[in-house]
Number of protein chains: 4
Amino acid sequence: MVDPEEAARRVAESFARQEFMATLGARLESVKPGEVEVALDVRPALLQQHGFVHAGVVSAIADSAAGYAALSLQPPGTEVLTAEFKLNLMAPARGTRLVARARVLRAGRTLTVAAADVFALQDGQETCVATLLGTIFSSARHP
Amino acid sequence: MVDPEEAARRVAESFARQEFMATLGARLESVKPGEVEVALDVRPALLQQHGFVHAGVVSAIADSAAGYAALSLQPPGTEVLTAEFKLNLMAPARGTRLVARARVLRAGRTLTVAAADVFALQDGQETCVATLLGTIFSSARHP
Amino acid sequence: MVDPEEAARRVAESFARQEFMATLGARLESVKPGEVEVALDVRPALLQQHGFVHAGVVSAIADSAAGYAALSLQPPGTEVLTAEFKLNLMAPARGTRLVARARVLRAGRTLTVAAADVFALQDGQETCVATLLGTIFSSARHP
Amino acid sequence: MVDPEEAARRVAESFARQEFMATLGARLESVKPGEVEVALDVRPALLQQHGFVHAGVVSAIADSAAGYAALSLQPPGTEVLTAEFKLNLMAPARGTRLVARARVLRAGRTLTVAAADVFALQDGQETCVATLLGTIFSSARHP
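Everything in this summary refers to the structure shown in the same document. (Residues numbered from 1 in each chain as written. Chains lettered and ligands numbered in written order. Predicted model: local features only at pLDDT ≥ 70, side-chain atom pairs only at ≥ 80, totals over all residues.)

**A look at the overall build of chain A**
Inference 1: Helix and strand counts for chain A come out as three helices and six strands.
Inference 2: Along chain A, helices (α) and strands (β) appear in the sequence α-α-β-β-α-β-β-β-β when read from the amino end.
Inference 3: Once the C-alpha set of chain A is aligned to its principal axes, its extents read approximately 45 × 25 × 25 Å.
Inference 4: In chain A, buried positions account for 57% of the 143 residues.
Inference 5: Contacts spanning at least 24 positions in sequence make up 68% of the contacts within chain A whose residues lie at least 6 apart. (Helix = DSSP H or I, 4+ residues; strand = E, 2+ residues; numbered from the N terminus. Buried ≥ 20, exposed ≤ 12 C-beta atoms within 10 Å, placed from the backbone. Contact = placed C-beta atoms within 7 Å.)

Rendered as structure tokens:
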């Protein structure tokens with residue numbers, strides 16, 4: 001059995017080592033068993049040519065949230081790596097804040113399937129701008 | 001018919017407006033009809049928890065290269081938006097430099113299918129670390 | 001506005017013209033605005049080498065359900081074609097019956113994003129064996 | 001090391017056990033290390049509502065070809081299962097014959113990434129109608 005509080009600590013420690021999340025200004029907002037939220041404030045540095053948030057930013061927080069949702073169900077000493085993901089961009093990512101909400105669809109010892117929705121906050125309203133479906137590979141950490 | 005030089009100028013102008021590419025330190029390396037390369041130097045700011053380049057960075061340059069490969073075949077006044085992509089991460093993205101090489105598989109007036117491979121340069125050797133397959137939506141720019 | 005009953009009739013008429021659905025023994029179980037179910041009884045003719053239902057069968061009913069969920073929200077005279085889909089196989093597809101349940105995530109005039117889950121019924125219990133995320137292209141039917 | 005002839009025999013034996021391939025009329029055309037071809041003759045039983053080959057048929061032969069391309073590089077006693085795939089449909093699948101040509105992009109002990117292109121033969125000309133990118137899971141067969 002995985003202890004949820006211990007797992008949340010492991011997720012937070014790992015997230016803190018992701019320098020790219022700091023580069024994006026992304027924060028770990030919530031960790032529950034199989035569910036993780038990652039958010040960021042929209043800034044010009046994150047935009048593409050039409051002034052929307054770049055798909056790479058959207059995929060970065062969606063992928064991190066999905067990977068940590070997978071890690072939150074794995075025992076101590078496990079490492080996770082994304083094997084693959086697919087991202088559908090459903091609306092222009094504009095607003096003041098983005099949040100990626102990931103959930104595990106199927107947890108396995110080796111492969112976990114997770115989904116994440118990314119919402120943009122604009123004028124007090126959330127719009128779903130993207131959805132991710134991915135596969136995360138788990139392995140015992142090499143000592 | 002699309003004029004390759006004029007199309008390459010449009011791609012370069014659009015790329016220059018992607019602030020996120022500057023944030024990543026990504027450069028447009030090459031634009032030919034239906035083929036675009038985007039590269040960056042690996043820096044700590046782009047890494048994930050194991051010291052590899054973050055999947056979000058890999059997907060950002062692969063997606064930009066694929067989108068601009070699509071744009072390079074479209075007439076003036078066209079805008080492109082990624083509808084969706086899938087990324088398979090095949091090896092840890094480590095090294096000193098990443099380059100995404102995209103090519104159009106099928107160009108359509110509305111939908112273009114493009115692929116991109118991402119290579120990491122380490123010790124003078126290139127390794128393919130990821131491959132993207134995506135769909136790009138083209139539309140006439142609103143004046 | 002789309003009339004749900006008229007749309008359900010159009011979906012049923014189109015489904016009846018899919019000879020491959022008859023080949024699989026697949027039936028249209030339910031059509032609501034943006035939601036479609038397609039089911040089949042498992043037979044030896046649909047299996048792969050380990051005795052599970054072949055991924056091609058799973059994707060066929062998931063794709064048909066997703067495409068018709070998209071069509072159910074489009075006006076008369078519209079045709080739909082799948083542009084792409086991704087399917088994650090989460091558990092061996094074994095049992096007596098498979099049902100694909102699709103729902104539209106975002107309906108657009110040209111592009112619709114839809115998801116479908118496929119469940120296998122075994123010993124009175126349903127297991128989710130696969131999930132699809134896809135993009136459907138809509139266009140006016142050529143007269 | 002994997003013996004190519006022995007691997008080709010294993011692929012052929014496994015393919016022969018896929019009853020769904022017989023249902024489709026699909027044949028194993030070629031097996032080389034990391035490369036497999038599967039073909040079928042187009043018949044009314046395989047069509048969708050516009051008279052094109054159904055996406056489920058296209059994905060079935062592309063997925064089988066990709067899975068067996070993966071198996072062709074694995075040692076005796078290995079079983080393969082598709083973890084996930086993405087299929088882009090690039091042109092209507094019409095003609096007299098379809099062939100799926102798969103190749104391994106990266107072979108691993110647990111995960112293999114493979115791609116497949118599907119071509120339709122019409123009036124003596126081949127058109128690429130779809131491309132698949134997928135992940136195959138390998139494991140030791142349970143005795």
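**Observations regarding the relation of the copies chain A and chain B**
Inference 1: Superposing chain A onto chain B requires a rotation of 180 degrees together with a translation of 0.0 Å along the rotation axis, leaving an RMSD of 0.0 Å. Both copies of the chain, as the preceding transformation shows, are related through a two-fold rotation axis. Closest approach to the rotation axis among the C-alpha atoms of chain A is made by Lys86(A), whose C-alpha sits 2.0 Å away.
Inference 2: Comparing contact sets, 100% of the residues at the interface of chain A also lie at the interface in chain B, consistent with an isologous, same-surface contact. (Least-squares fit on C-alpha atoms with pLDDT ≥ 70 in both.)

**Regarding the interface of chain D and chain C**
Inference 1: With 27 residues of chain D in contact, the opposing surface of chain C contributes 27 residues.
Inference 2: Among the elements of the structure, helix 2 (19–24), helix 3 (55–71) and strand 3 (78–89) of chain D are those that each provide at least two residues to the side of chain D that touches chain C.
Inference 3: Here the side of chain D that touches chain C takes eight residues from strand 3 of chain D, the largest share from any one element.
Inference 4: Here the side of chain D that touches chain C is built from residues that sort into 12 nonpolar, 10 polar and five charged.
Inference 5: Relative to strand 3 of chain D, strand 3 (residues 78–89) of chain C is paired through five bridges, and the arrangement is antiparallel. Paired with Asn88(C) across the bridge in strand 3 of chain D is Glu84(D). (Nonpolar A, V, L, I, M, F, W, Y, C, P; charged D, E, K, R; others polar. Pairing = 2+ DSSP bridges.)

**Notes on the nonpolar core**
Inference 1: Judged by nonpolar contacts, the single largest core of 226 residues is most densely connected at Val58(A), Val58(B), Val58(C) and Val58(D).
Inference 2: Residues in contact with Val58(B), not counting those within four places in the same chain, are Val53(B), Leu87(B), Leu89(B), Ala93(B), Leu98(B), Val118(B), Val129(B) and Ala130(B). (Core = buried A, V, L, I, M, F, W, Y, C linked by C-beta atoms within 7 Å.)

**As for the environment of Leu98(B)**
All names here are of chain B.
Inference 1: Here leucine 98 shows up in strand 4 (residues 97–106).
Inference 2: Spatially, the C-alpha atom of leucine 98 lies 9.0 Å from that of glutamate 126, the residues being 28 residues apart in sequence.
Inference 3: In this structure, leucine 98 is in contact with Ala39, Leu40, Val42, Val53, Val58, Ile61, Ala93, Val118 and Ala120, ignoring residues within four places of it in sequence.

**Here's the deal with helix 1 (residues 4–16) of chain D**
All names here are of chain D.
Inference 1: Taking 1.5 Å as the rise per residue, helix 1 with 13 residues should run 18 Å; its terminal C-alpha atoms sit 18 Å apart, in good agreement.
Inference 2: Along helix 1, the positions that sit buried rather than exposed are Ala7, Arg10, Val11 and Phe15. Projection of helix 1 onto a plane perpendicular to its axis shows the buried side chains occupying an angular sector of 130 degrees, all on one side. In this structure, helix 1 carries Glu5, Glu6, Ala12, Glu13 and Ala16 as exposed residues pointing more than 90 degrees from its buried face.
Inference 3: Contacts from the buried residues of helix 1 go to helix 2, strand 1 (27–32), strand 2 (35–41) and helix 3. (Expected span 1.5 Å × (residues − 1). Arc of directions from axis to C-beta.)

**Thoughts on the sheet that holds strand 6 (residues 125–140) of chain A**
Inference 1: The 12 strands lie next to each other as 1(A)-2(A)-4(A)-5(A)-6(A)-3(A)-3(B)-6(B)-5(B)-4(B)-2(B)-1(B), forming an open sheet whose pairing is antiparallel. The sheet terminates laterally at strand 1 (27–32) of chain A together with strand 1 (27–32) of chain B, the two strands that pair on one side only. Strand-to-strand twist in this sheet, taken as the mean axis angle between neighbours without regard to direction, amounts to 25 degrees.
Inference 2: In this fold helix 1 (residues 4–16) of chain B packs onto strand 1 and strand 2 (35–41) of chain B, with an angle of close to 160 degrees to the strand it touches most, strand 1 of chain B. (Axes fitted to C-alpha atoms, helices over the stretch in contact; angles between N-to-C directions.)

**Focus on the pairing of strand 1 of chain A**
Residue and element names in this part refer to chain A.
Inference 1: Where strand 1 meets strand 2 (residues 35–41), five bridges bridge the pair, whose relative direction is antiparallel. Each bridged residue has a counterpart across the sheet, and for lysine 32 the counterpart in strand 2 is glutamate 35.
Inference 2: Linking strand 1 back to strand 2 in an antiparallel pair, the connection comprises two residues, with glycine 34 at a positive phi of about 80 degrees.

**A closer look at the pairing of strand 5 (residues 111–122) of chain C**
Residue and element names in this part refer to chain C.
Inference 1: Most of strand 5 is tucked away: nine of the 12 residues are buried.
Inference 2: Relative to strand 5, strand 4 (residues 97–106) runs antiparallel, the two being bridged by nine bridges. Bridging from a neighbouring strand, arginine 103 pairs with alanine 115 of strand 5.
Inference 3: Note: strand 5 against strand 6 (residues 125–140), 12 bridges, orientation antiparallel. Looking at the pairing, glutamine 122 lines up with glutamine 125 of strand 6.

**Observations regarding the sheet that holds strand 6 (residues 125–140) of chain D**
Inference 1: The 12 strands lie next to each other as 1(C)-2(C)-4(C)-5(C)-6(C)-3(C)-3(D)-6(D)-5(D)-4(D)-2(D)-1(D), forming an open sheet whose pairing is antiparallel. Each end of this open sheet is capped by a strand with a single partner; those strands are strand 1 (27–32) of chain C together with strand 1 of chain D. Between one strand and the next, the sheet's axes are offset by a mean angle of 25 degrees, whatever the strand orientation.
Inference 2: Most of the contacts of helix 1 of chain D go to strand 1 of chain D, to which it runs at about 160 degrees, and overall it touches strand 1 and strand 2 of chain D.

**So, helix 3 of chain D**
Count 3.6 residues to each turn of an α-helix, and residues three or four apart come out pointing the same way.
Inference 1: Taking 1.5 Å per residue as the helical rise, helix 3 of chain D with its 17 residues ought to reach 24 Å, and the 24 Å between its terminal C-alpha atoms agrees with that figure.
Inference 2: Counting buried positions over the 17 residues of helix 3 of chain D gives 17, a clear majority of the element.

**Describing the environment of Arg94(C)**
Residue and element names in this part refer to chain C.
Inference 1: As for its placement among the helices and strands, arginine 94 is situated in the loop between strand 3 and strand 4.
Inference 2: The class of arginine 94 is partly exposed, set by 16 C-beta atoms lying within 10 Å.
Inference 3: In this structure the C-alpha to C-alpha distance between arginine 94 and valine 36, which are 58 residues apart in sequence, comes to 22 Å.

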